[in-house]
Amino acid sequence: MKKLYFIFVLLLSGTLLLGSTFNIKAANKNTISTAKTASSLNANKETQVKLSFPGKEDKLGSDIVFVLDKSGMSAQNDIYTQAKVFLKNIKDQAKDKNLDVKIGVVLFNSIGNIKQKLTNISTDKGYKDILKALNSSVSMGTNMHAGLLAAQKMLEDDKTVADSRKHMILISDGATYLYSKNKDYTKAYTRSFGNPKNQINPKTGKHYSNGSDKKGGIWEYQSRDYNTESTAPKFYNANTAEKLKAYLNEKRIHDKDFQKYEYEYNFASAYLNIGRKVMPISSDAVANIEAGFIYAWDTYKQIDSKYNTYVYYKNAADFDGSEFLKLLKGGELDTSFTELENKVTTMISKGSRVEDFIGRHFDFINDLNKIQIKSGSSVLDKERISNYRYGFGKRSDNTYRYELIYTPGDNEKIELKVDESVKADNLLELTYFEKLTVIPEKPREYTFKTNEKAILYPIDSNKKPGKALVFPIPQVTYTVKKIEIKETEKKIKEKHKIKPEKKEVKPQTGDHTAIFAMIILVIGSVIGMIVLIRKKSK
């Protein structure tokens, strides 16, 4: 009898050891990249999750535009010395910290002169070209408004760097008496009272007695102030930032009435009297320096609303404009480049945080031994603050560089709080473990998300919230396998206690023939005996 085989299917569960790694790369030079990975499930159905930012491949882009008055940085001045040290530091750090810093230089005289377009400082040639531009000089006129307009356009035109990482540095004595129109920084305009002695005072019917022709220069306001009544507002009395602010806002009201007297300032008008106009003297008249201040102030406010701005005062020449510079800055002037250097080299600042929601098929393993934070190449010391709170990198004042807070329950999550600046070259990495809690039985491959979502809420170097950044969501697979095993009929019956069937015995063809022969033999024997008995009786 042939041996029969049956197929018996056993269900065995097992894991296919695959982890997934995802990286979001920066789309441009102002993006902070985030990365998150999950390891294969181990024998305890645990996965190791690593969350990191910023990425080592990130290029930390920044634009810095210097706006200098016509003497440039050629003078021996403490601010200029600091600026050059700052540039050298940035150049030296560019490679090590993966910085992509571009420097532009604008010098203003009567117009805005772009002496160096935005140039990467990391190369030797770029660095030399930048220094050469900073040390150059121009002459004739002072139009801060034009310089600011040129810087504004330079920053606006670079679309590869975020506005939050663009910087404008103004270094000036604060003197300016020219202005531009329609954002055209290649032309200058002024106003002039001419020679006051040639004008008739309408109140007296006589010529004004004070002053001389200032030719549209910085002292034009004197022709008005020295020839109007003493009770009238005077420019020279606006000698503090607050007084100047109120004075200029009052003059702003009348500016349109006197724009018809403006004319283009150039060599011909300044030295040959060609194309000049004469503005009548009155207490409401808006002198060229006041118009120049108003327009420079307005443009500075536009720049300051979008970018980072710094204002430095260089040594005064024949005019002290430091109070106007304070008006622009809105307070005390900058005196060092330390803050700027920190901003250029910092990606994420104190107050940033990460919210990480655990996947619904997993539990966070709330064990300090399975939680780690690395800052660069250093593993931070750690300690338990409470059941669900941990500190990393403890300081001498008992505060922590980082804190991790665990929230169990339906919306299970961990929150990482950042209490320091994260530099461009300093990768921050959080490592923790999760355990798979849902174990399926049906044979197939399953894919589980280790997290529902994870979001970085960055605070930038200006202490302003940046755009929230989403981490990728790693996945792990878990496979329930089918395994075929062959067993004999006997073993399966024994295993499942199957009783053998009863066999019905049926007569075979050979048995009938034998019985018939025996009957014939018996009958023959009987007949033979009868015949023999009869013979003896006779």
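The structure presented is a predicted model; accordingly, all values stated were derived computationally and were not measured.

A.B. asks: Even after reading the chapter, I still don't get the pairing of strand β27 (residues 451-457), so can you show me in this structure?
C.D. replies: Pairing between strand β16 (residues 353-358) and β27: six bridges, direction antiparallel. Looking across to β27, one finds that F357 is bridged to K453. With two bridges joining them, β27 and strand β28 (residues 469-470) adopt antiparallel strand pairing. Along β28, the bridge assignment pairs L456 with L469.

A.B. asks: Looking at this structure, how should I read the sheet that holds strand β10 (residues 184-190)?
C.D. replies: Strand pairing in a sheet takes place through backbone hydrogen bonds and is either antiparallel or parallel in direction. Taking strand neighbours across the sheet as the criterion, the three strands line up as β9-β10-β13 in an open arrangement whose pairing is antiparallel. Here the strands that pair on one side only, and so sit at the sheet edges, are β9 (179-181) and β13 (263-264). Summarising the sheet, β9 and β10 pair through two bridges and their orientation is antiparallel. Bridged to Y179 within β10 is Y189. Across the sheet, helix α3 (residues 144-157) lies against β9 and β10, angled at about 165 degrees from β10, the strand it touches most.

A.B. asks: I would appreciate a short explanation of the sheet that holds strand β23 (residues 413-418) in the present structure.
C.D. replies: The strand order β20-β21-β22-β23-β16-β27-β28 describes an open sheet built from seven strands, whose pairing is antiparallel. Edge positions in the open sheet fall to β20 (382-386) and β28, since each of these has one partner strand only.

A.B. asks: Is there a simple way to think about the packing of helix α5 (residues 241-258) against helix α7 (residues 288-306) in this case?
C.D. replies: Helix packing geometry: the angle between the two helix axes and the distance between the axes. In the contact formed by α5 and α7, the axes pass within 10 Å of each other and the chain directions differ by 105 degrees. Relative to α7, the element α5 lies roughly perpendicular. Two secondary-structure elements touch here, α5 through L244, K245, Y247, L248, N249, K251, R252 and D255 and α7 through E290, A291, F293, I294, Y295, W297 and D298. By residue class, the composition of the contact of α5 with α7 is eight nonpolar, one polar and six charged.

A.B. asks: Looking at this structure, how should I read the packing of aromatic side chains?
C.D. replies: Two descriptors summarise a pair of aromatic rings, namely the distance from one centre to the other and the angle between the planes of the rings. A full pass over the atoms with the stated rule returns 18 aromatic pairs. Consider the rings of Y446 and F448, whose centres lie 6.3 Å apart with planes at 5 degrees: the pair is stacked. It is K91 that lies over the ring of Y127; its NZ or CZ is 5.7 Å from the centre. The ring of Y189 carries the charged tip of K181 above its face, separated from the ring centre by 5.2 Å.

Rules behind the numbers
Each chain has its residues counted from 1, following the order in which its sequence is written. Per-residue local features are limited, in this predicted model, to residues with pLDDT of at least 70; the limit for side-chain atom pairs, both in listing and counting, is 80 or more; totals at the level of whole chains, interfaces and linings are taken over all residues. Values shown for side chains rest on all heavy atoms present in the structure; no hydrogens or waters enter the calculation. Paired strands, as defined in this entry, are two strands with at least two bridges between them according to DSSP. Numbering of helices and strands runs from the N terminus; a helix is a DSSP stretch of H or I covering at least four residues, while a strand is a stretch of E covering at least two. In what follows, residue pairs with any heavy atoms lying within 4.5 Å of each other are defined as contacts. Axis angles are defined between N-to-C directions and span 0 to 180 degrees, where every axis is a line fitted to C-alpha atoms and, for a helix, only to the segment in contact. Here is the rule for angles: anything less than 35 degrees is roughly parallel, anything more than 145 is roughly antiparallel, 65 through 115 is roughly perpendicular, and the remaining ranges are oblique. In this classification, the charged set is Asp, Glu, Lys and Arg, the nonpolar set is Ala, Val, Leu, Ile, Met, Phe, Trp, Tyr, Cys and Pro, and all remaining amino acids, among them Gly, are polar. A pair of Phe, Tyr and Trp rings is counted when the ring centres sit within 6.5 Å of each other, with Trp represented by its six-membered ring. The angle between the planes then sorts it: under 30 degrees is stacked, over 60 is edge-to-face, the rest tilted. Only when the NZ atom of a Lys or the CZ atom of an Arg is both within 6 Å of the ring centre and within 35 degrees of the ring normal do we say a charge sits over the ring.

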